[in-house]
Protein chains: 2
Amino acid sequence: MPLVSVSDRHRDDLAERLPAAVFRDITPAYLEEPRGRYKGEGGLLLAPSSAAEVSTILRYANAEKLAVVPYGGGTGLVGGQVAEGGTIPIILSSERMTAIREVLPNENVMVVEAGAILQDIHTAAEAVDRLFPLSLAAKGSARIGGNLATNAGGLNVLRYGNARRLCLGLEVVLPTGEVWHGLTRLRKDNTGYDLRDLMIGSEGTLGFITAAALELFAQPAEQGTAFLVVESPVAALQLLQLARDHVGEGVSAFEIIHRQSFDFLSEALPQLRLPFTAHPEWSVLLDLGLGRGSDTTAALEAIFLDATEAGLVRDGLIARSEAQRSDFWAVRENIPAANRHIGAISSHDISLPLGAIPEFIERAGPALAKIATYRINCFGHVGDGNLHYNVFPVAGRSRAEHESERADIKRTVHDITHALGGSVSAEHGIGRLKVEDLERYADPTKLLAMRAIKSALDPDGIMNPGVILRT
Amino acid sequence: MPLVSVSDRHRDDLAERLPAAVFRDITPAYLEEPRGRYKGEGGLLLAPSSAAEVSTILRYANAEKLAVVPYGGGTGLVGGQVAEGGTIPIILSSERMTAIREVLPNENVMVVEAGAILQDIHTAAEAVDRLFPLSLAAKGSARIGGNLATNAGGLNVLRYGNARRLCLGLEVVLPTGEVWHGLTRLRKDNTGYDLRDLMIGSEGTLGFITAAALELFAQPAEQGTAFLVVESPVAALQLLQLARDHVGEGVSAFEIIHRQSFDFLSEALPQLRLPFTAHPEWSVLLDLGLGRGSDTTAALEAIFLDATEAGLVRDGLIARSEAQRSDFWAVRENIPAANRHIGAISSHDISLPLGAIPEFIERAGPALAKIATYRINCFGHVGDGNLHYNVFPVAGRSRAEHESERADIKRTVHDITHALGGSVSAEHGIGRLKVEDLERYADPTKLLAMRAIKSALDPDGIMNPGVILRT
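Since we're looking at a predicted model, the values are computed, not measured. (Residues numbered from 1 in each chain as written. Chains lettered and ligands numbered in written order. Predicted model: local features only at pLDDT ≥ 70, side-chain atom pairs only at ≥ 80, totals over all residues. Heavy atoms only, no water.)

> So what about the sheet that holds strand β17 (residues 386–393) of chain B? Which residues, and what values?
All names here are of chain B. The strand order across the open sheet formed by seven strands is β14-β11-β13-β12-β16-β17-β15, and the pairing between neighbours is antiparallel. Taken across any chain shown, the strands that pair with only one partner, and hence form the sheet edges, are β14 (313–318) and β15 (349–351). Strand-to-strand twist of the sheet, defined as the mean angle between neighbouring strand axes without regard to direction, takes the value 20°. As paired strands, strand β16 (residues 374–381) and β17 are joined by eight bridges and run antiparallel to one another. By the bridge assignment for β17, I376 is matched with V391. (Pairing = 2+ DSSP bridges. Helix = DSSP H or I, 4+ residues; strand = E, 2+ residues; numbered from the N terminus. Axes fitted to C-alpha atoms, helices over the stretch in contact; angles between N-to-C directions.)

In structure tokens form, the structure reads like this:
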């Protein structure tokens, strides 16, 4: 049965069932996404304050065949938070469920509502000398429910894993309105199917997350950072294993940076302090976080020495102060700003088996050169196999001149990624943007199983229709 | 439609579709489980050598409505590997899919077939100076497919997670015969629903795992062990956080041991060297694994000093040699043998929120004392909240005398566990043994969602019928 647009009658019906505070005036922000690719045409904005109210809304929506678009902080990059097309949906926002319910430092656990802002979760963890490691650029406005629904990644995945690995339990309202009380704080629980991980990463298509139990960690006592010039991407990957042979999980971050990043930074942000006079072809930013009494400088020196002897590293700097650590990290953190200044034609959020990264880099550049001449900025979380592989016009040309090549660029990058066993969405998800990519690249049996699960849990397809799976 | 028993006609049909080597003679081992609780009445033993052959078998079984019982190493403790009851099943064994296909130390990845023995995986990892951390008593015969199907736990969960967290990708044949080629080596991949984690822990009821990509780790360079006498279970948990403040993820194991364990060890294994002359009420075995150049003794001394000043620890020993480390660990590793010597009335594989462990211990003892007088041996992976809480007769009485109390004992322990937010199956799973427990304790919405998913992926209910969900 096709879904119907939400009407005044629906609004009146819901007003009889819900407190007035649930009804909020919609603003344009709810109908846009950060990159402006999707535009919503309206909606009934509902901001419930509890799982019980969410349940009331979803039971009603299910009975009336209304589309429901879950809304967290609105920071997703694949259009998962904005409906486009004819049917006007309920926009179901977590903005009134923002409580940090419990902080349990003795358990390394925090229990939060879905609307809690990621930055507020960080602050609450730090207040008890703990770390919640999920960290990403949008942390000041992203809400944890959205982070979990999209299995967010970010800077600390190498050491602590993505959102999935940081979640112990969930409270979720299913599309049919039943509430799953799965807010466990357990580390081990083998009692049936793993609904938690099924919900995480389902981008609001299988249910609405209302609360979560999160895992906290000890703050690393001693931190240190080195900027190392590596011989090649292969050498970078060997360096990662060498560093782990020294300090194991003490490797907190391992980011690769291509010369193009330095060139763009010089051009876009000339005041920024860069570590090397000559821009190295490939370099790595290596962060260690070790236990109390550890000497991070000595550990970095030992790694540097071994790596130099092994012919992996040809130059390098170890930060001698917190100020220098900040300077090193400022280089990495300002690359996206420099990229925006230059203006990418096409950006790609891909991941690869670690061993396939060098071959990807060798193949992708020449393949793109057959389309036109570009500048390529390749950088990112190489320790996770996650590259930002962004394509720019050469100096003097504009992205607009390459508009007609975008689809071809994307297809070229994604085809090579897929051929090498990689993923065309490492951390951003599918949303509405990559539905066709999923159909093109996903294993047919996976698609079949996903459709069967979607139908089983959301028989009328009301939850975030058009996201992940085509309606 | 009810399932039918496998017959000579089915065997003949399958013989036309499969090589002769797939057909194996069944032995009694396939119809028993380690504790002798379940007895199978027969079956057609099939040992395919590839996912394609598994697919042929499941397509046929699905068309003919034959029950299929997946079989790995046969070491599960909840009867998941043995069908009981009228219908004679196909027993689908992974024993001919034992290849270690790829070992990739530069990626910290190993790709194995489902029938690979856990110990062989350890050996292959060690050969390239890596660690595959999943470790359990049955590692010499357990097969990785079964470990993944049951989300096995064991000794190293505190640091490295359970089987779920050590798996990057899977190849699985669905009950309807389609092969999901999900053998990715990716660390980050947000392309749709998390089928991997849905299959892991589903105990063979949603598909048959044929291969897996596993994550490897660096071997910790420096290891050290301390045996510390703690004031109470609360103090033990505070000690864990204190140790993590010192060395973070460097805490490799954190096992609690009650005085009863030492008493049983003295009685059952009088030749065993025990660390303390007087048996302490509560003690903790703390293991550190740190990076190269680290001084584990200094780290343990610093932890001991801080913990003593904080009033958590009253006595302790730090192993001064590898031989002493082995002696310390021999105490922990011999507790199950001592327990078997004494003879438990009832054993429980429970987990609790860390903060609820002291209350559990305070409540469970007196509650059981209302049934009869027992000796309780409480020990285990307290860092994960996972306790082995085992109930024994007092000296001079036999377990047989308490047979009629077993159900009451189990119910008492499980009710208190559940009331405190715990799990009645921390690591062994549900199998056939705990189906009633699941029905009693699981969230109703979780059961509803699980049944919907089972029907969606296995519409005729052929895969491991009676496991997890009642048929």
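Following the structure, the description resumes.
> How would you explain the sheet that holds strand β3 (residues 90–93) of chain B if you had to name every residue and give the values?
Residues and elements named next belong to chain B. Pairing is parallel in the open sheet, where three strands are placed in the order β1-β3-β2. Two strands in the sheet have a free side with no partner beyond their single neighbour: β1 (44–46) and β2 (68–71). When the angles between neighbouring strand axes are averaged without regard to direction, this sheet yields 25°. Direction of pairing for β2 relative to β3: parallel, over a ladder of four bridges. Counted as the bridge partner of P70 is L92 from β3. In this fold helix α2 (residues 51–64) packs onto β1, β2 and β3, with an angle of close to 160° to the strand it touches most, β3. (Contact = heavy atoms within 4.5 Å.)

> Residues and numbers for the interface of chain B and chain A, please.
Contacts between the two partners involve 85 residues from chain B and, on the opposite side, 85 residues from chain A. Buried area between chain B and chain A, summed over both chains or domains, comes out near 7,000 Å², and the portion from carbon and sulfur atoms is 53%. It is K188, N190 and Y193 of chain B in chain B that bury the most area against chain A; as a group they hold 15% of the surface buried on that side. As a salt-bridge pair, K188 of chain A and D384 of chain B come within 3.7 Å of each other at their nearest N and O atoms. (Buried area = accessible area lost by both parts, 1.4 Å probe. Salt bridge = Lys/Arg side-chain N within 4 Å of Asp/Glu carboxyl O.)

> A description of the packing of aromatic side chains should follow, citing residues and the corresponding values.
Taken as a whole and judged by the stated rule, the model has 14 aromatic pairs over all chains. One aromatic cluster in this structure is built from F227, F262, F276 and F328 of chain A. (Phe/Tyr/Trp six-rings, centres within 6.5 Å; stacked < 30°, edge-to-face > 60°.)

> Go over unusual backbone geometry, please, and point to the residues and values.
The residue N464 of chain A is not glycine, and still its phi comes out positive at about 45°. Checked against the element boundaries, N464 of chain A lands in the segment after α14 (444–457). Classification of N464 of chain A by relative accessible area gives buried; the value is 2%. You will see that N108 of chain B, though not glycine, has its phi angle at about 55°, which is positive. Inspection of the secondary structure puts N108 of chain B in the loop between β4 (100–104) and β5 (109–113). (Buried < 20%, exposed > 50% of the residue type's maximum accessible area, 1.4 Å probe, protein only.)

> Run through the relation of the copies chain B and chain A, naming residues and quoting values.
Of the transformation superimposing chain B on chain A, the axial component is 0.0 Å and the angular component is 180°, with the fit at an RMSD of 0.0 Å. Between the two chains, the operation in question is that of a two-fold axis. Taken together, the interface assignments show that 100% of the residues at the interface of chain B recur at the interface of chain A, consistent with an identical surface on both copies. (Least-squares fit on C-alpha atoms with pLDDT ≥ 70 in both.)

> Describe the environment of A218 of chain A, with residues and values.
Mapped onto the fold, A218 of chain A is located in strand β10 (residues 217–218). Assessed through its relative accessible area of 11%, A218 of chain A is described here as buried. Separated by 160 residues in sequence, A218 of chain A and L58 of chain A place their C-alpha atoms 39 Å apart. Here A218 of chain A is in contact with N108, R130 and L131 of chain A together with R244, D245 and G248 of chain B, once residues within four sequence places are set aside.

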